[in-house]
Amino acid sequence: MRILIGGWFTLPRLGREDFMLLMKQGVTYDKAMGFKMDAGTDLESAVRTIRSAVGEDIELTVRCFVCGKESCEGCYYSKVCDRRKVSSMCLCADHSPEKGIFDLYVKTLSETVVS
Amino acid sequence: MWVEKYRPKRVSEMVGNEEARMAIGLWLKEWKPGKKAMLLVGPPGTGKTTLVTLLAKESGMNMIDLNASDVRTKDKLEKRIGEATKTLGLFGERSLIFLDEVDGLLGRSDYGGVEFIKDAVKETQNPLIMAANDQDADEIRKLGSSCITVRFKPPPPREVEMYLRKIAEGEGLAVPNDTFQGYVVRAGGDLRHAINLMQSGGGSGEAAFKDVSSSVSQGLNAFFEAADPASALAGLRSVSLPPLEKVREIHTCVVKSKLAPEKLAAALEVISRADVIMGEIGATREWRLLRYLDSMLSQELFPIIKGENVRYVSEDLPFPVLLRIWNDSKKIRELSVRYASRASTSGASARTQDLPYIFALCASKDFRRRLEQTLDLDETYDKFLAKEAGR
């Protein structure tokens, strides 16, 4: 099962205990949209809970900070990057480091963060 | 050092933890008395302290900074920051109060520190940010309802590469693509380590791809054979090992050398002091002081062993075996702490009396699964527990 961090996903009906555990682990739930994991989620524990509840391996993917697109596809580092242990956004192929996007990255952030 | 030269000067120049940075920035912008405090949780070196310092600077606030592991009791906290939480500046300006290392706030027993913080959050006239390394610490759980918790993690490898490229551009280096990737992979995604690797190799591929063991031997031999303390320091800094392992390697080399007894005693005295200092740093969580360890060794140990033909020798046990032993000990320590807290016993009793039985029960997959869930262990424990059960 593939889950995009920061995106909504659905799960088969969970038991009360698993559901409570996911809420405690910082997973967001919306009746209409489903579940969502973000920077506030304890990803390691949440992935373990979901894996145990649905009985299949969970593959996490992250979004591009600049454009919001899913960014793990074709990434050179995909084999060495543990998505549960790194921060929840990255850079996609269109905004990859070799394109010298540091200034764009800074601009994207400074537009949102208090300065 | 490039790490210092290219230290971010604005919040937007940091890399990684974008959502966390935005959340904290917005929280500070909208802060007013009565709002919850902010709790930043994450491993050392992920930018928590840097972020708060830069935020205070950018928003023109005076920062009142306190390491909570130094001030554990309610009385001391009251004395140090009590007034600051209740008053504004002369012209009504707010200060940013930062309590670092709150997981070291109380140690083993409660001296009222958590209650003080909970009260301070309700009454403070100034925004309060706290930082902790260990999200599972009891003190952190107790603070939960008074705070908005934001997690900090290391940046993903692609962002580390982006920062390396920015530095290379600043230094006018032409570094091939695969060399950047080599630095990132070899540094295990650690930004500071990757920057140091790039600096030590001057942007050449050598530092990115040479194997770690040869770099350790070369670095340590450069330290032992240096002409002066400055070259010794450069040699030591090129050894890409964690401080504790670096001191262990130096200890092995010194012990196995043919130093005269009085020189050996003096050298071991310095190494022992380095070990004590590392212990103190660990206990007080002043990780930033680790950066002075290399200087200390090159100023104090190097003059003793200079010209004494000390050379790099590897441990008798092969590194992978040592690594396995260290990893297993670490797991047992962590497991006993978690078990002890759950079973209301001491860590030592858990280790010596209970764990052998627990390991025996771990032959059952179902038991292992329940144990992992109860103690919130990650999946690497499954293999470890199965192995221990088979002993």
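A quick note: this is a predicted structure, and the numbers were derived from the prediction, not measured.

1. A word on the overall build of chain B
Scanning chain B from terminus to terminus reveals 19 helices and five strands. Buried residues in chain B amount to 36% of all 391 residues. Across chain B, every contact between residues at least 6 apart in sequence was considered, and the portion connecting residues at least 24 apart equals 73%.

2. Digging into the environment of A:Arg51
Residue and element names in this part refer to chain A. Tracing the sequence through the fold places Arg-51 in helix α2 (residues 43-54). With 14 C-beta atoms packed within 10 Å, Arg-51 lands in the partly exposed category. Separated by 50 residues in the primary sequence, Arg-51 and Met-1 have C-alpha atoms spaced 8.9 Å apart. Arg-51 has contacts with Glu-56, Asp-57 and Ile-58, leaving out every residue within four places of it along the chain.

3. Quick look at the nonpolar core
All names here are of chain B. Of all hydrophobic cores here, the largest spans 81 residues; its most connected members are Leu-39, Ile-129, Met-130, Leu-164 and Ala-194. Not counting residues up to four positions away in its chain, the partners in contact with Ala-194 are Val-160, Leu-164, Tyr-183, Val-184 and Ala-187. Listed in part, the 20 residues of the second largest apolar core include Val-216, Phe-224, Val-239 and Tyr-312.

4. Section: the sheet that holds strand β4 (residues 128-132) of chain B
Residue and element names in this part refer to chain B. Spatial ordering of the open sheet is given by β2-β3-β4-β1-β5, a layout of five strands whose pairing is parallel. Strands with a single pairing partner mark the edges of an open sheet, and in this sheet they are β2 (62-67) and β5 (147-151). Taken pair by pair, the neighbouring strands of this sheet meet at an average axis angle of 20 degrees, ignoring direction. Here three bridges tie strand β3 (residues 95-100) to β4, and the two strands are oriented parallel to one another. Bridge pairing in β4 links Phe-98 to Ile-129. Here helix α2 (residues 18-30) sits on the sheet in contact with β1 (37-41) and β5, set at roughly 155 degrees to β5.

5. What about the packing of helix α7 (residues 157-171) of chain B against helix α8 (residues 177-186) of chain B?
Residues and elements named next belong to chain B. Viewed as axis vectors pointing N to C, α7 and α8 meet at an angle of 125 degrees, and their least axial separation amounts to 9 Å. Between α7 and α8, the crossing angle belongs to the class labelled oblique. Where α7 crosses over α8, the handedness of that crossing is right-handed. Residues Pro-157, Val-160, Glu-161, Leu-164 and Arg-165 of α7 pack against Phe-180, Gln-181, Tyr-183 and Val-184 of α8.

6. Overview of the interface of chain A and chain B
Each side of the interface is counted separately: chain A has 34 residues, and chain B has 38 residues. Mapped by element, the contributors of at least two residues to the side of chain A that touches chain B are α2, β7 (89-90) and α3 (102-110) of chain A. With five residues, α3(A) is the largest single contributor of residues to the side of chain A that touches chain B. Looking at side-chain class alone, the side of chain A that touches chain B contains 20 nonpolar, nine polar and five charged residues.

7. Concerning the sheet that holds strand β4 (residues 34-36) of chain A
One open sheet holds the three strands; their spatial order is β2-β4-β3 (chain A), and the pairing between them is antiparallel. Each having just a single partner strand, β2 (8-9) and β3 (28-30) of chain A make up the two edges of the open sheet.

8. Notes on the pairing of β1(B)
Residue and element names in this part refer to chain B. When you tally the buried positions in β1, you get five out of five residues, the bulk of the element. Because side chains alternate across β1, one face comprises the buried residues Ala-37, Leu-39 and Val-41, and the other comprises Met-38 and Leu-40, equally buried. Two strands pair when backbone bridges link them, and β1 and β5 are joined in this way by five bridges, in the parallel orientation. The residue bridging Leu-39 from the neighbouring strand is Thr-149, located in β5. Relative to β4, β1 runs parallel, the two sharing four bridges. Across the sheet, Val-41 pairs through a bridge with Ala-132, a residue of β4.

9. Observations concerning the confidence of the model for chain B
All names here are of chain B. Mean pLDDT for chain B: 82, with 88% of residues reaching 70 or above. Within chain B, the lowest mean pLDDT, 53, falls on helix α10 (residues 206-209), and the highest, 91, falls on helix α15 (residues 293-305). On the interface metric, ipTM, the complex scores 0.88, and its pTM is 0.64.

About the cut-offs
Residues numbered from 1 in each chain as written. Chains lettered and ligands numbered in written order. Predicted model: local features only at pLDDT ≥ 70, side-chain atom pairs only at ≥ 80, totals over all residues. Helix = DSSP H or I, 4+ residues; strand = E, 2+ residues; numbered from the N terminus. Buried ≥ 20, exposed ≤ 12 C-beta atoms within 10 Å, placed from the backbone. Contact = placed C-beta atoms within 7 Å. Core = buried A, V, L, I, M, F, W, Y, C linked by C-beta atoms within 7 Å. Pairing = 2+ DSSP bridges. Axes fitted to C-alpha atoms, helices over the stretch in contact; angles between N-to-C directions. Parallel < 35°, antiparallel > 145°, perpendicular 65-115°, else oblique. Left-handed = near helix turned anticlockwise from the far one by under 90°. Nonpolar A, V, L, I, M, F, W, Y, C, P; charged D, E, K, R; others polar. pLDDT = per-residue confidence, 0-100.

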